[in-house]
Amino acid sequence: MPTASATIDIPAAADQVWQLIGGFNTLPDWLPLITHSELSEGGRVRTLQTADGGVVVERLQTFDNAAKTYSYSIEQAPFPASDYLATIKVEAQGQGSRVTWSGRFNALGVSDEEVVALFNGIYQGGLEALRANYPT
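The rules behind the values
Residues numbered from 1 in each chain as written. Predicted model: local features only at pLDDT ≥ 70, side-chain atom pairs only at ≥ 80, totals over all residues. Heavy atoms only, no water. Helix = DSSP H or I, 4+ residues; strand = E, 2+ residues; numbered from the N terminus. Rg over C-alpha atoms; globule rule 2.2 N^0.38 Å. Buried < 20%, exposed > 50% of the residue type's maximum accessible area, 1.4 Å probe, protein only. Contact = heavy atoms within 4.5 Å. Areas by Shrake-Rupley, 256 points an atom, 1.4 Å probe, with all protein chains shown as cover. Lys, Arg positive; Asp, Glu negative; His and termini not counted. Charge placed at Lys NZ, Arg CZ, Asp CG, Glu CD. Pairing = 2+ DSSP bridges. Axes fitted to C-alpha atoms, helices over the stretch in contact; angles between N-to-C directions. Core = buried A, V, L, I, M, F, W, Y, C linked by side-chain atoms within 4.5 Å.

Digging into the overall build of the protein chain
Item 1. The number of helices and strands found in the protein chain is 3 helices and 7 strands.
Item 2. What you see in the protein chain, going N to C, is helices and strands ordered as β-α-α-β-β-β-β-β-β-α.
Item 3. Scaling as 2.2 N^0.38, a compact globule of 136 residues should have a C-alpha radius of gyration of about 14 Å, and the protein chain matches this with 14 Å.
Item 4. Looking at the protein chain as a whole, 41% of its 136 residues qualify as buried.
Item 5. Of all intrachain contacts in the protein chain linking residues separated by at least 6 positions in sequence, the fraction that spans at least 24 positions is 49%.
Item 6. Accessible surface, the protein chain as shown: approximately 6800 Å² in total, 49% of it carbon and sulfur.
Item 7. With 8 positive and 15 negative side-chain charges, the protein chain shows a separation of 8 Å between the mean positions of the two kinds.

See below:
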């Protein structure tokens, strides 16, 4: 099963970063690709509107506030992937924090390399946008 992952160090405390990204409905607050998020099913499902008009529906699979991590699956998306499961995690790193966004999935109609490159780009771009919220 192909995987993708990105990590970034942020000059802010892990608690501060988690406060911004730890809510399952907070993607529009830090990820420019997502312009709107709406929760349903008691907060377990989020319907996302992308900047280019796409719709992504994701389901929260695990959430651990103390460990500052959650995992989610995709139920509907314009991505060439199936069996998608991703995790976002914030860890203390000295005075700052390290954020890791990773996922596993199966390619659907494209090569493994193409779908890995797609998600690597989404994760890395997303984490760089997150980092921009914390100027040095």
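Brief notes about the side chain of threonine 26
Item 1. Summarising the element assignment, threonine 26 is placed in the loop between helix H1 (14–21) and helix H2 (27–30).
Item 2. Taking relative accessible area as the criterion, threonine 26 reaches 14% and is therefore assigned buried.
Item 3. Leaving out residues up to four positions away in the same chain, threonine 26 has contacts with Leu20 and Ile21.

Thoughts on the sheet that holds strand E5 (residues 69–76)
What holds strands together in a sheet is hydrogen bonding between their backbones, with the strands either parallel or antiparallel.
Item 1. Strand order across the open sheet formed by 7 strands is E1-E7-E6-E5-E4-E3-E2, with antiparallel pairing between neighbours. Two strands in the sheet have a free side with no partner beyond their single neighbour: strand E1 (3–10) and strand E2 (34–40). Ignoring strand direction, the axes of neighbouring strands in this sheet form an average angle of 20°.
Item 2. Bridging between E2 and strand E3 (residues 45–50) involves 6 bridges; their strand directions are antiparallel. In the sheet register, leucine 39 faces E3, and the bridge partner there is arginine 46.

Quick look at the nonpolar core
Item 1. Counting 36 residues, the largest nonpolar core has Ile21, Trp101 and Leu130 as its most contacted members.
Item 2. At 7 residues, helix H3 (residues 112–131) tops the list of elements feeding residues into this core.
Item 3. Residues contacting leucine 130, with those up to four places away along its chain left out, are Ile10, Val17, Leu20, Ile21, Trp30 and Val99.

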